[in-house]
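# Examination of the molecular architecture
Here is how the chains run, residue by residue.
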Amino acid sequence: MDNPVRLKLAVQKSGRLTDQSIDLLGRCGLKFSRGKDQLVGFGENMPLDLLFVRDDDIPDLVEEDVCDLGLVGLNVVEEKRLELAARGHAARFEILRTLDFGRCRLALAVPEEATWWSGPRSLDGRRIATTYPYLLARWLTEHSIQAEIVTLSGAVEIAPRLGRADAICDLVSTGSTLVANRLREVEVVLESHAVIVRTPLSLAAAKADWVERLLMRVDGVQQVRESKYIMLHAPRSALPAIRKLLPGSESPTIIPLEGGTDKVAVHAVCRENVFWETLEALKAAGASALLVLPVEKMLA
Ligand code: ATP
Ligand code: ZN
């Protein structure tokens, strides 16, 4: 029986998104215990249960309202959206948040020695192997290219060597897999990252409240990952220059120092990483006693 109060969130069972998904939820305060089959994680301190599944199943689970939320790559979501559209069915899931992990791109690559490549048009009449036929087809249409799509379920990068395709369209992050397979990236079809998707159905008020709370915590977690708390001393006259140098900070707190000096203490939250170069520039502008601290939690 569906529990009207407990949210169900689908996450990848085992793969590239799993650790960071669990880490994110942990930082949002979720403690959970896994059932015997390891398929479900029962939230102990929030009305939120996790369903551990293959990433490809997540859009369907959300679209069919088996789960209220899903945490999955944009590439999987967009491929599903196009697949449903091709079957005359508008996808009804909604992307609620863009997450700061799972970054990769769906890219076209050709063999290193492919002398025929001189730009997208040279794909005309060629065979392209991929596990993302719908995203590739859309890109080909947008570029008015007629190519044959060879849909595979995996091991796309070896298709050219096996003579099954002239080019591939696959997910790339560092590009080392391409290099190892003597392939060269030539075009980006989709920039991707993990996202949170939501069911199309309206949620009971208690569930909707928890979705809002969870999203607010996700935003807080993502903001603090980059944020730093910076403290320094500076002569008042140096403040305009120093404020310009503080990366991504809105209004710093200025505190006079005891002892009749013209120096003040400046405290600011910087919403960007603070690099050594920034500290050196601040020092050159007159700052001293510089201290940079990580931010633990943030709620706007
Ligand atoms: P599953 O068994 O759940 O179907 P999978 O093998 O399809 O897993 P993974 O390789 O674990 O999937 O990738 C999951 C997601 O991680 C991808 O859909 C993509 O959004 C993201 N990702 C990030 N970097 C890469 C990369 N270099 N290669 C593949 N996926 C990546
Ligand atoms: Zn998958």
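Residues numbered from 1 in each chain as written. Chains lettered and ligands numbered in written order. Predicted model: local features only at pLDDT ≥ 70, side-chain atom pairs only at ≥ 80, totals over all residues. Heavy atoms only, no water.

## Some words on the coordination of the zinc ion (ligand 2)
D55 (OD) and D56 (OD) make up the full set of protein donors to the zinc ion (ligand 2), lying at 1.9 to 2.1 Å. For the zinc ion (ligand 2), the four donor atoms are set out with angles of 74 to 175 degrees between them, so the coordination reads as irregular. Take D55: its relative accessible area is 18%, and that puts it in the buried class. Classification of D56 by relative accessible area gives partly exposed; the value is 37%. (Donors = N, O, S within 2.8 Å, 3.2 Å for Na, K, Ca; no water. Tetrahedral: all angles 85-135°; square planar, octahedral: opposite > 155°, others 65-115°. Buried < 20%, exposed > 50% of the residue type's maximum accessible area, 1.4 Å probe, protein only.)

## Thoughts on the site of ligand 1
Around ligand 1, a shell composed of 16 residues is seen, among which R16, R54, D56, N75 and S173 lie nearest. Here R16 contributes a backbone N or O atom positioned 2.8 Å from an oxygen atom of ligand 1. Taking R54, its side chain carries an N or O atom lying 2.8 Å from an oxygen atom of ligand 1. Relative to its unbound accessible surface of 630 Å², ligand 1 loses 78% to contact with the protein. Elements supplying a minimum of two residues to the shell around ligand 1: α3 (74–86) and β10 (167–172). In terms of residue class, the shell around ligand 1 is built from five nonpolar, six polar and five charged. Taken together, domain 1 (7–101 + 194–223) and domain 2 (104–192) each give at least three residues to the shell around ligand 1, which thus spans both. (Near = heavy atom within 4 Å. Polar contact = N/O pair within 3.5 Å; in protein donor to acceptor, adjacent residues only side chain to side chain. Areas by Shrake-Rupley, 256 points an atom, 1.4 Å probe, with all protein chains shown as cover. Helix = DSSP H or I, 4+ residues; strand = E, 2+ residues; numbered from the N terminus. Nonpolar A, V, L, I, M, F, W, Y, C, P; charged D, E, K, R; others polar. Domains from an automatic or database assignment.)

## Section: the packing of helix α1 (residues 18–27) against helix α6 (residues 205–226)
Running from N to C, α1 and α6 point in directions that differ by 105 degrees, and their axes come no closer than 9 Å. With respect to α6, the axis of α1 lies roughly perpendicular. Between α1 and α6, the contacting residues are D23, L24, L25 and R27 on the first element and L214, V218, V221 and R225 on the second. For the contact of α1 with α6, a count of residues per class yields five nonpolar, no polar and three charged. (Axes fitted to C-alpha atoms, helices over the stretch in contact; angles between N-to-C directions. Parallel < 35°, antiparallel > 145°, perpendicular 65-115°, else oblique. Contact = heavy atoms within 4.5 Å.)

## Brief notes about the domain arrangement of the protein
Here the domain parsing of the protein yields domain 1 (7–101 + 194–223), domain 2 (104–192) and domain 3 (228–294). With centres defined by C-alpha atoms, the gap from domain 2 to domain 3 works out at 49 Å.

## Side note on the pattern of salt bridges
What the rule picks out here adds up to 18 salt bridges. Note that E185 is salt-bridged to R105, the shortest N-O span being 2.8 Å. Placement of the pair is E185 in strand β11 (residues 183–192) and R105 in strand β7 (residues 104–111), with a sequence separation of 80 residues. Since its relative accessible area comes to 29%, E185 is described here as partly exposed. Here the salt bridges do not stand alone but share partners, grouping D23, R27, D100 and R225 into one network. (Salt bridge = Lys/Arg side-chain N within 4 Å of Asp/Glu carboxyl O.)

## Concerning the sheet that holds strand β13 (residues 228–235)
Overall, antiparallel pairing links the four strands, which are arranged β14-β15-β13-β16 in an open sheet. At either margin of the open sheet sits one strand with a lone partner, and together these are β14 (253–256) and β16 (288–294). The average undirected angle you get between the axes of adjacent strands in this sheet is 15 degrees. Examined bridge by bridge, β13 and β16 share five bridges and lie antiparallel to one another. Counted as the bridge partner of M231 is L291 from β16. Each of β13 and β16 is contacted by helix α8 (residues 276–284), which is oriented at about 150 degrees to β16, the strand it contacts most. (Pairing = 2+ DSSP bridges.)

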